[in-house]
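Examination of the molecular architecture
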Amino acid sequence: MTTKARFTPALFAHAEHLLGQLLRFDHPADAVVSHYFREHRQLGHADRAFVAETVFAFLRRRRSLDARCGERPDNRQRLLATLAVARGWSQRELAPVLKASEEAWLAGVKAVRDDDLPPAVRCDLPDWLYERLLAQYSDEEIRALAAALNRPAPLDLRVNTLKTDRERLLARLAGDGIGAAPGRLSPLAVRLRDKPALAKNPAFLDGSFEVQDEGSQLLGLLLEARRGEMVVDFCAGAGGKTLLLGAQMKNTGRLYAFDVSDKRLANLKPRLARSGLSNVHPVRIEHERDLKVKRLAGKADRVLVDAPCSGLGTLRRNPDLKWRQDAGAVAELTAKQAAILASAATLVRPGGRLVYATCSLLREENAAVVEAFLAAHPGFVLVPADGVLARFGCELPGAMLQLLPQQHDTDGFFAAVLERLA
Ligand SMILES: C[S@@+](CC[C@H](N)C(=O)[O-])C[C@H]1O[C@@H](n2cnc3c(N)ncnc32)[C@H](O)[C@@H]1O
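Since the model is a prediction, treat every value here as computed from it, not as a measurement.

On a plain count of helices and strands, the protein chain comes out with 20 helices and twelve strands. In terms of overall dimensions, the protein chain is globule-like: its C-alpha atoms have a radius of gyration of 23 Å, near the 22 Å expected for 422 residues. Counting only C-alpha atoms, the protein chain reaches 75 × 50 × 40 Å along its principal axes. For the protein chain, the proportion of its 422 residues judged to be buried stands at 53%. Here the analysis covers contacts within the protein chain between residues at least 6 apart in sequence; of these, 71% occur between residues at least 24 apart.

Set out below in structure tokens:
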């Protein structure tokens, strides 16, 4: 049975109810959706797929869809517009739910031309964000960027080189009937053709791979962590990059995984167990100036700062982020990023490396933070990122790395490589 064949007023009502919860914007959308499905266990796989895809489609296109709907649309209208415009359903397909009195209105919604909408509305971006991007890109480039950010992300894996290699992993996946191809940028990446459930896949359970966007893998590779070194992943979170660094170090040396969040570090534990790594030391810190940080001053060969950021480069996965933030929140983040980078830098030994990374598209969270750091810390220099990536067979020009979904088909990641003078 196809997803559309299950379309009923009851199912539509679930989407409407969930959208009401999402538009309060008091929690991240993926958490709200998971919670809703836990509360409504009677919804089967196809029903959940319909509800989740429809509300996410609205979150992606909220601004242009609301503009098409007219004055003060309600959530029912919003979802009808989502199905008709964003998901391309015909009035016949909508028939189980669409009232006769809504048909003319919906035809009007469909007839609006994108080009007649103001630029920020057409790009489904809040004004403040559109204006920030306009300082960096042309309107045409922002349109292409916004369109790419509005498409769902592919599913990428990172091969765990402690356990296997990419060729063998591809063969195993093929044996399981999972379509996959080598990533184009990261030598560790495998891109899946579809989005199969992986939690019970034997190669996942035995640690042969982790789920990780190909772009995120490049950020970890920029550190070029080596055997026997002391490495600090300063904002390790649930360890997406820690696991890559540990494998690059061939499970030798010492790899500290710092984070202020107990919960995130706890999520690292099962991943560590699967990975086979024993060189990782998770450490909960109070803040970036914690004594536990100070004790390692000048001792680390390499430090990664995967800084807390607006996450605006990940809108393919988290479309709600563009509606849940504002310029004030970004200003607070940039102050935090500068403080974390300055503190993390104190750990780097002379001649050691510091990588600053975000999943933001905004210059103020990216190059501007790095430039201000370099101006205040003459003992550090910028190492061209393209030269480092070339050593991994990845040709991406630029002294600092900015990945863009419309160009690289990854999330919008940024990274700069710094070195402390010997
Ligand atoms: C972008 S996320 C890290 C994602 C992680 N590196 C990965 O690849 O999965 C940023 C992390 O910074 C942490 N963080 C926030 N403030 C911090 C601070 N002052 N010091 C260290 N970590 C901090 C957050 O808890 C969050 O886990």
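Once you've had a look at it, read on.
This next bit is on the sheet that holds strand β1 (residues 156-159). In space, the four strands of this open sheet follow the order β2-β3-β1-β4, with antiparallel pairing throughout. One side of each edge strand has no neighbouring strand; the edge strands of this open sheet are β2 (180-182) and β4 (209-211). Across the sheet, the mean angle separating the axes of adjacent strands is 30 degrees when strand polarity is ignored. Along the sheet, helix α10 (residues 166-175) makes contact with β1, β2, β3 (189-192) and β4, crossing β3 at roughly 20 degrees.

Looking now at the packing of helix α3 (residues 45-69) against helix α4 (residues 75-86). Between α3 and α4, whose axes approach to 8 Å, the crossing angle comes to 95 degrees. By the angle class used here, α3 and α4 are roughly perpendicular. Residue-level contacts link Phe 50, Thr 54, Ala 57, Phe 58, Arg 61, Leu 65, Asp 66, Arg 68 and Cys 69 of α3 to Gln 77, Arg 78, Leu 79, Ala 81, Thr 82, Leu 83, Val 85 and Ala 86 of α4.

Along the chain, the position of Asn 366 falls in the loop between β9 (348-358) and α18 (367-376). You can call Asn 366 buried: its relative accessible area is 2%. It is 35 Å that separates the C-alpha atoms of Asn 366 and Val 85, two residues lying 281 residues apart in sequence. In contact with Asn 366, other than residues within four places in its own chain, are Tyr 356, Thr 358, Ser 360, Leu 361, Gln 402 and Phe 414. Only 2.6 Å separates the side chain of Asn 366 from the side chain of Thr 358, close enough to count as a polar contact.

Considered domain by domain, the protein chain is made up of domain 1 (4-117), domain 2 (118-150), domain 3 (156-211) and domain 4 (214-420). Computed from C-alpha coordinates alone, the two centres of domain 1 and domain 3 are separated by 34 Å.

Right, let's talk about the side chain of Arg 61 for a bit. Positionally, Arg 61 belongs in helix α3. A distance of 3.3 Å separates polar atoms of two side chains, one belonging to Arg 61 and the other to Asp 124. With sequence-adjacent residues up to four places away left out, Arg 61 is seen in contact with Val 85, Ala 86, Asp 124 and Asn 150.

Here we take up the site of the ligand. Near the ligand, the surroundings consist of 18 residues, among which Lys 241, Asp 259, Arg 264, Glu 288 and Asp 306 are the closest. A distance of 3.1 Å is found between an oxygen atom of the ligand and a backbone nitrogen or oxygen belonging to Gly 240. Relative to its free-state accessible area of 600 Å², the ligand is covered by the protein chains to the extent of 84%. Elements with a minimum of two residues in the shell around the ligand: α13 (240-248) and α17 (327-345). Each residue belonging to the shell around the ligand can be placed in one class, and the counts come to eight nonpolar, four polar and six charged.

Per the counting criterion, the structure on display carries one cavity of 30 Å³ or more. Roughly 40 Å³ of volume is contained in the largest cavity. Lining the largest cavity, in full, are Arg 158, Asn 160, Gly 207, Phe 209, Glu 210, Arg 271, Arg 274 and Ser 275. Elements with a minimum of two residues in the lining of the largest cavity: β4 and α14 (262-275). For the lining of the largest cavity, the per-class residue count stands at one nonpolar, three polar and four charged. Both domains that meet at the lining of the largest cavity, namely domain 3 (156-211) and domain 4 (214-420), each give it at least three residues.

In this section: the pattern of salt bridges. A side chain with one charge may pair with a side chain of the opposite charge, provided their charged atoms come close. According to the stated counting rule, one finds 35 salt bridges in the structure shown. The partner of Lys 241 in a salt bridge is Asp 306, with the nearest N and O atoms 2.7 Å apart. Here Asp 306 lies in strand β8 (residues 300-306) and Lys 241 lies in helix α13, a separation of 65 residues in the sequence. Judged by its relative accessible area of 10%, Lys 241 falls in the buried class.

Glancing now at the nonpolar core. Looking at soluble globular proteins, one finds that nonpolar side chains tend to be buried together. Counting residues in each nonpolar core, the largest one holds 50 residues, and the members touching the most others are Leu 218, Leu 222 and Leu 401. Formed jointly, this core draws a minimum of three residues from each of two domains, domain 3 (156-211) and domain 4 (214-420). When sequence neighbours within four positions are dropped, the list of residues in contact with Leu 218 reads Leu 185, Ser 186, Leu 389, Cys 394, Leu 396, Leu 401 and Leu 403. Counting 36 residues, the second largest nonpolar core, distinct from the first, contains Phe 50, Val 51, Ala 81 and Leu 106.

Right, let's get into the packing of aromatic side chains. Taken as a whole and judged by the stated rule, the model has ten aromatic pairs. Here Tyr 356 and Phe 414 contribute two aromatic rings whose centre-to-centre distance is 6.4 Å and whose plane-to-plane angle is 65 degrees, an arrangement assigned as edge-to-face. Placement of Tyr 356 in strand β9 and of Phe 414 in strand β12 (residues 414-420) is noted, with a sequence separation of 58 residues between them. Residue classification places Phe 414 among the buried residues on the basis of a relative accessible area of 3%. One aromatic cluster is present, formed by Phe 7, Phe 12, Phe 50 and Trp 89 through successive ring pairs. For Arg 62, the ring lying beneath its charged end belongs to Trp 323, and the centroid distance is 5.1 Å.

In this section: the side chain of Arg 166. Relative to the helices and strands, Arg 166 is located in helix α10. Despite its burial, Arg 166 pairs with no opposite charge; the closest candidate is Glu 167, at 5.0 Å N-O. Among the polar contacts made by the side chain of Arg 166, one reaches the main-chain carbonyl oxygen of Ser 186 at a distance of 3.0 Å. Polar side-chain contacts of Arg 166 include one of 2.9 Å to the backbone oxygen of Ala 189. Ignoring any residue separated from it by four or fewer positions in sequence, one finds Arg 166 in contact with Val 159, Pro 182, Gly 183, Ser 186, Pro 187, Leu 188, Ala 189 and Val 190.

The rules behind these values
- Residues numbered from 1 in each chain as written.
- Predicted model: local features only at pLDDT ≥ 70, side-chain atom pairs only at ≥ 80, totals over all residues.
- Heavy atoms only, no water.
- Helix = DSSP H or I, 4+ residues; strand = E, 2+ residues; numbered from the N terminus.
- Rg over C-alpha atoms; globule rule 2.2 N^0.38 Å.
- Buried < 20%, exposed > 50% of the residue type's maximum accessible area, 1.4 Å probe, protein only.
- Contact = heavy atoms within 4.5 Å.
- Pairing = 2+ DSSP bridges.
- Axes fitted to C-alpha atoms, helices over the stretch in contact; angles between N-to-C directions.
- Parallel < 35°, antiparallel > 145°, perpendicular 65-115°, else oblique.
- Polar contact = N/O pair within 3.5 Å; in protein donor to acceptor, adjacent residues only side chain to side chain.
- Domains from an automatic or database assignment.
- Near = heavy atom within 4 Å.
- Areas by Shrake-Rupley, 256 points an atom, 1.4 Å probe, with all protein chains shown as cover.
- Nonpolar A, V, L, I, M, F, W, Y, C, P; charged D, E, K, R; others polar.
- 1 Å grid on protein atoms, 1.4 Å probe; cavity = no way out; pocket = protein on both sides within 12 Å on 5 of 7 lines; lining within 4 Å.
- Points joined across faces, edges and corners; volume = space filled by probe spheres on them.
- Salt bridge = Lys/Arg side-chain N within 4 Å of Asp/Glu carboxyl O.
- Core = buried A, V, L, I, M, F, W, Y, C linked by side-chain atoms within 4.5 Å.
- Phe/Tyr/Trp six-rings, centres within 6.5 Å; stacked < 30°, edge-to-face > 60°.
- Lys NZ or Arg CZ within 6 Å of the ring centre and 35° of its normal.
- Lys, Arg positive; Asp, Glu negative; His and termini not counted.

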